[in-house]
Amino acid sequence: MAKLVQEQLLEVFVDDYAFALQESWDAELPVEFPDGLNVGVFVNAFPGRVDVSSAGHIHTAAVKVQVWDGAPPAEDASAWDVRDEAGFESVSGDVAVWTPTLGRTDDLIELGRKGSWRVRVHCAGRDEVAALRGSEESVVGVERYLVQFFPVC
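Here is a short report on the structure shown in this document. (Residues numbered from 1 in each chain as written. Predicted model: local features only at pLDDT ≥ 70, side-chain atom pairs only at ≥ 80, totals over all residues. Heavy atoms only, no water.)

Before going further, it helps to examine the pattern of salt bridges. Tallying each qualifying case throughout the model produces 5 salt bridges. Residue Arg-118 pairs with Glu-85 through a salt bridge whose shortest N-O separation is 3.2 Å. Of this pair, Arg-118 sits in strand β9 (residues 115-124) while Glu-85 sits in strand β6 (residues 82-90), and the two are 33 residues apart along the sequence. Judged by relative accessible area, Arg-118 falls into the partly exposed class, the value being 28%. In this structure, Glu-85 and Arg-120 form a salt bridge, with 2.8 Å as the shortest nitrogen-oxygen distance. Here Glu-85, found in strand β6, pairs with Arg-120, found in strand β9; they are 35 residues apart in sequence, far enough to count as distant. Put simply, Arg-83, Glu-85, Arg-118 and Arg-120 are held in one network by salt bridges that share partners. (Salt bridge = Lys/Arg side-chain N within 4 Å of Asp/Glu carboxyl O. Helix = DSSP H or I, 4+ residues; strand = E, 2+ residues; numbered from the N terminus. Buried < 20%, exposed > 50% of the residue type's maximum accessible area, 1.4 Å probe, protein only.)

Below you can see the structure in the form of structure tokens.
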């Protein structure tokens, strides 16, 4: 049975309907964020990068990131609006969070080792954040994500 290695809670600024999880050593990536961004695809993978599309244009999402030592147990599907999974290659063992206009943020996810990973992304609150699109108030934590990294064995 897989074990949870670490968990961190992030407040991720979302703009232009997206954010990305990108290999920390990004200088040699063939496609750096936001090149190739397609907000019509919930999880879109590139070498060393995973783009995540949001239902909200500008807001702050609550993102729980987990690192597992194997494939985590399945989440209750009724708790999430959407879920997808992709491959992820890390040459450093660290993942940076990116946004389209701010670029690389200070948030860093430590995987603990380099190599081949899977990343599973769940999201809830999509309809709610979409309904707040024109709001003059700050929108924080309405859209929630669970991001699970686990090694490919």
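Ordered by their spatial adjacency, 5 strands build an open sheet running β3-β4-β2-β7-β8, and the pairing between neighbours is antiparallel. The outermost strands of the open sheet, each flanked by one partner alone, are β3 (43-46) and β8 (103-110). Going across the sheet, the axis of each strand differs from the next one's by a mean of 20°, ignoring polarity. As paired strands, strand β2 (residues 18-23) and strand β7 (residues 94-99) are joined by 4 bridges and run antiparallel to one another. Counterpart to Glu-23 in the pairing with β7 is Val-95. (Pairing = 2+ DSSP bridges. Axes fitted to C-alpha atoms, helices over the stretch in contact; angles between N-to-C directions.)

What follows covers the side chain of Arg-120. Overall, Arg-120 belongs to the buried group, its relative accessible area being 9%. Here the side chain of Arg-120 touches Glu-85 through a polar contact of 2.8 Å, side chain to side chain. Setting aside residues no more than four positions away along its own chain, Arg-120 makes contact with Pro-72, Pro-73, Arg-83, Asp-84, Glu-85, Leu-146, Val-147, Gln-148 and Phe-150. (Polar contact = N/O pair within 3.5 Å; in protein donor to acceptor, adjacent residues only side chain to side chain. Contact = heavy atoms within 4.5 Å.)

What follows is about the side chain of Gln-148. Tracing the backbone shows Gln-148 in strand β10 (residues 140-151). We classify Gln-148 as buried; its relative accessible area is 0%. Among the polar contacts listed, one links the side chain of Gln-148 to the side chain of Gln-66, at a separation of 3.0 Å. Residues within four places of Gln-148 in sequence aside, it is in contact with Gln-66, Trp-68, Pro-72, Glu-75, Arg-118, Val-119, Arg-120 and His-122.

Let's shift gears to the packing of aromatic side chains. Scanning all chains against the criterion turns up 2 aromatic pairs. With a centroid separation of 5.2 Å and an interplanar angle of 85°, the aromatic rings of Phe-19 and Tyr-145 are classed as edge-to-face. In this pair, Phe-19 sits in strand β2 while Tyr-145 sits in strand β10, placing the two residues 126 residues apart along the sequence. Like Tyr-145, Phe-19 is buried. Relative to Phe-149, the ring of Phe-88 lies with its centre 5.7 Å away and its plane at 75°, an arrangement referred to as edge-to-face. You can see Phe-88 sitting in strand β6 and its partner Phe-149 sitting in strand β10, a full 61 residues away along the chain. As far as the burial class goes, Phe-88 and Phe-149 line up, both buried. Positioned over the ring face of Phe-46 is Arg-49, at 4.1 Å from the centre of the ring. The ring of Trp-117 carries the charged tip of Arg-113 above its face, separated from the ring centre by 5.0 Å. (Phe/Tyr/Trp six-rings, centres within 6.5 Å; stacked < 30°, edge-to-face > 60°. Lys NZ or Arg CZ within 6 Å of the ring centre and 35° of its normal.)

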